[in-house]
Amino acid sequence: MKKILTMMVVLCCTVLGAMAQNPSSNTFAFEGKTRQYLLYVPSIYQQSNEAVPLVVVLHGLGDNMNNMSQVGFHQIADTANFIVVTPQALPDPSPLIGMLGNAWNSGAAMFGITPNATLNDSGFLIALVDSIAAHYDIDPNRIYFTGFSMGGYMSNRMACEHSDRVAAIASVAGTIGTSLTCTPERPVHTLHFHGTADGTVAYSGNQSGMDAEELVQFWRDNNHCDTAAIHTALPNTNPSDGYTIDRYEYNNGIWGAQTKFYKTTGADHTWLGPNNDVYYTAEIWKFFSTHSLLQEPLGNPSTPTLHLPIAWRVYPNPANNTLYIELPEGATGTLRLMDMQTRQHYRTDLQGSSYHSIDISQLPAGIYVVQWQHDKGISCQTISVQ
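Residues numbered from 1 in each chain as written. Predicted model: local features only at pLDDT ≥ 70, side-chain atom pairs only at ≥ 80, totals over all residues. Heavy atoms only, no water.

The strand order across the open sheet built from three strands is β13-β14-β17, with neighbouring strands paired in antiparallel fashion. The sheet is open, and its two edges are formed by β13 (313-315) and β17 (355-359), each paired on a single side. Strand-to-strand twist of the sheet, defined as the mean angle between neighbouring strand axes without regard to direction, takes the value 15 degrees. Bridge count for strand β14 (residues 322-326) against β17 is five bridges, and the pairing is antiparallel. Note on β17: the bridge partner recorded for tyrosine 324 is serine 357. (Pairing = 2+ DSSP bridges. Helix = DSSP H or I, 4+ residues; strand = E, 2+ residues; numbered from the N terminus. Axes fitted to C-alpha atoms, helices over the stretch in contact; angles between N-to-C directions.)

Structural data, given as structure tokens:
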């Protein structure tokens, strides 16, 4: 019994961050239970006439919405103009797990025990998003989830189960739980942070879910990103914290999906703040701000539906003069380059050739779609022209 309790405690949360502003405390009735959440609407929202992003911030096991609201998203929202909602989980009704405090039904489990296993937290969070969208002008293509520890597990669950609604997620020290079967129907932009010395949710040998690098590989494969990462060793701006950080970017996923990973060597179970080499909150918003809900590019409705792809490469991305396309040996079909209004800028019928180059030096800067129509359907990749 003591061993089980010890393992469950590993999902608890310690958060570093700035002092919160003054979000409003609210309740929401869902499936016969009263749920609590904090809502922060920046003053800049009242002065604009445009739909804004929504960032959902999830706390860890045993934590609460008030603590989690202090990681700094409110301050960024004041100038970036997005709404922040910080919901609170419920305690598990069982004496064994309930004593640990509030817990999401995130899929994180050990020895067959899943906190709040019968609670529909996934449905609650989507209903909460819809409720907020009914009162505020929320951009449906810019709904984001982020969380720490068990909140990270829950963010991954939302991407697994609601890939048609969730534009991107960012998890800190929380992966995909052992009791969750994750089968996303679509690609989802994903960002993950994990300390190599995490003694709570282990970087390797995690008992409650996937290991850190296993999670990154899962989303890289789900998004059909490049298997080779762009690796950057970040400057060690604060040697006194004992951490060094490596960033791994997996690009060129289907419809432009990206998987990104920050490996924090030496860090335990923590959310890095503004005095560290990387301020997690700022990096998360930077990631969210450049990504919208992934959607199949518009095209001829009579063409076949997209099949998650046969392996092929489009590079570089971003591009400025020449775009290179590498197709499987003997590829046939039609290759097109279109802008986001589906105007065609290049077209060629393939005759079994594997390599192609396109002169894009005269194209205006913007987002374009490379479409390969083949005998199994249509595959697309999104590229940025600078």
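Right, let's talk about the pairing of strand β8 (residues 168-172) for a bit. Each regular strand shows side chains that alternate between the opposite faces of the sheet. Burial runs high along β8: five of the five residues are buried. Burial of β8 is two-sided: the residues Ala168, Ala170 and Val172 facing one way and the residues Ile169 and Ser171 facing the other way are all buried. Bridging between strand β7 (residues 138-148) and β8 involves five bridges; their strand directions are parallel. Bridge pairing in β8 links glycine 147 to serine 171. Between β7 and its parallel partner β8, the chain crosses via helix α7 (residues 150-161), and the hand of that crossover is right-handed. (Buried < 20%, exposed > 50% of the residue type's maximum accessible area, 1.4 Å probe, protein only. Right-handed = clockwise from strand over helix to strand, strands pointing away.)

Tallying each qualifying case throughout the model produces 16 aromatic pairs. On the numbers, 4.5 Å between centres and 10 degrees between planes, the contact of tyrosine 144 with phenylalanine 288 is stacked. Note that tyrosine 144 is positioned in strand β7 and phenylalanine 288 in helix α9 (residues 280-289), a separation of 144 residues in sequence. The same class applies to tyrosine 144 and to phenylalanine 288, which are both buried. Put simply, the rings of Phe73, Phe148, Phe193, Tyr262, Trp271 and Tyr280 touch in pairs and so form one group of aromatic residues. The ring centre of phenylalanine 124 lies 4.0 Å from the NZ or CZ of arginine 35, which sits over that ring. Positioned over the ring face of tyrosine 315 is arginine 313, at 4.2 Å from the centre of the ring. (Phe/Tyr/Trp six-rings, centres within 6.5 Å; stacked < 30°, edge-to-face > 60°. Lys NZ or Arg CZ within 6 Å of the ring centre and 35° of its normal.)

Attention now goes to helix α8 (residues 212-222). Among the residues of α8, Ala212, Leu215, Val216, Trp219, Arg220 and Asn222 are the ones counted as buried. The buried residues of α8 occupy an angular sector of 170 degrees when projected down its axis, which confines them to one face. On its buried face, α8 sits against α7, β8, β9 (189-195), β11 (244-250) and β12 (259-265). One or two residues past the end of α8 sits histidine 224, with phi positive at roughly 55 degrees. (Arc of directions from axis to C-beta. Contact = heavy atoms within 4.5 Å.)

With that settled, the discussion passes to the side chain of serine 208. Tracing the chain through its elements places serine 208 in the loop between β9 and α8. Given a relative accessible area of 1%, serine 208 falls into the buried group. Of note is the side chain of serine 208, whose polar atom sits 2.9 Å from the side chain of asparagine 206. (Polar contact = N/O pair within 3.5 Å; in protein donor to acceptor, adjacent residues only side chain to side chain.)

Turning next to the pattern of salt bridges. Tallied over the entire structure, the rule returns eight salt bridges. Of the charged contacts, one joins arginine 35 and aspartate 121 as a salt bridge, the two residues approaching to 3.0 Å between their closest N and O atoms. Taken together, the residues span a long stretch of sequence, with arginine 35 in strand β2 (residues 33-40) and aspartate 121 in helix α6 (residues 121-135) at a distance of 86 residues. For the pair formed by arginine 35 and aspartate 121, the shared burial category is buried. For arginine 347, the salt bridge goes to aspartate 349, with nearest N and O atoms at 3.3 Å. You can call aspartate 349 partly exposed: its relative accessible area is 41%. (Salt bridge = Lys/Arg side-chain N within 4 Å of Asp/Glu carboxyl O.)

To continue, consider empty space enclosed by the protein. With the rule as written, the count across this model stands at two cavities of 30 Å³ or more. Contributions of two or more residues to the lining of the largest cavity are made by β8, β9, α8 and β12. Of the residues belonging to the lining of the largest cavity, the class tally is five nonpolar, five polar and one charged. Approximately 40 Å³ is the volume found for the second largest cavity. Every residue lining the second largest cavity is listed: Val172, Ala173, Phe193, His194, Gly195, Ala267, Asp268, Thr270 and Tyr280. The greatest single-element share of the lining of the second largest cavity, amounting to three residues, is contributed by β9. Of the residues assigned to the lining of the second largest cavity, the class counts are five nonpolar, three polar and one charged. (1 Å grid on protein atoms, 1.4 Å probe; cavity = no way out; pocket = protein on both sides within 12 Å on 5 of 7 lines; lining within 4 Å. Points joined across faces, edges and corners; volume = space filled by probe spheres on them. Nonpolar A, V, L, I, M, F, W, Y, C, P; charged D, E, K, R; others polar.)

Strand pairing in a sheet takes place through backbone hydrogen bonds and is either antiparallel or parallel in direction. With mixed pairing, the ten strands of this open sheet are ordered in space as β1-β2-β4-β3-β7-β8-β9-β12-β11-β10. Only two strands of the sheet have a single partner each, and these edge strands are β1 (24-30) and β10 (230-233). Between one strand axis and the next, the sheet turns by 20 degrees as a mean value, whatever way the strands run. Of the strands in this sheet, β1, β2, β3 (52-58), β4 (83-87) and β7 are in contact with α6, which crosses β1 at around 120 degrees. Packed on one face of the sheet, α8 meets β8, β9, β11 and β12 and runs near 170 degrees to β12.

As a packed pair, helix α4 (residues 73-80) and α9 sit with axes 10 Å apart at the nearest point and diverge in direction by 40 degrees. Considering their axes alone, α4 and α9 lie oblique with respect to each other. Crossing geometry of α4 relative to α9 is assigned as right-handed. Facing Phe73, Ile76 and Ala80 of α4, the residues of α9 in contact are Thr281, Ala282, Ile284 and Trp285. Its residues assigned to classes, the contact of α4 with α9 shows six nonpolar, one polar and no charged. (Parallel < 35°, antiparallel > 145°, perpendicular 65-115°, else oblique. Left-handed = near helix turned anticlockwise from the far one by under 90°.)

Honestly, it's all geometry; don't read function into it.
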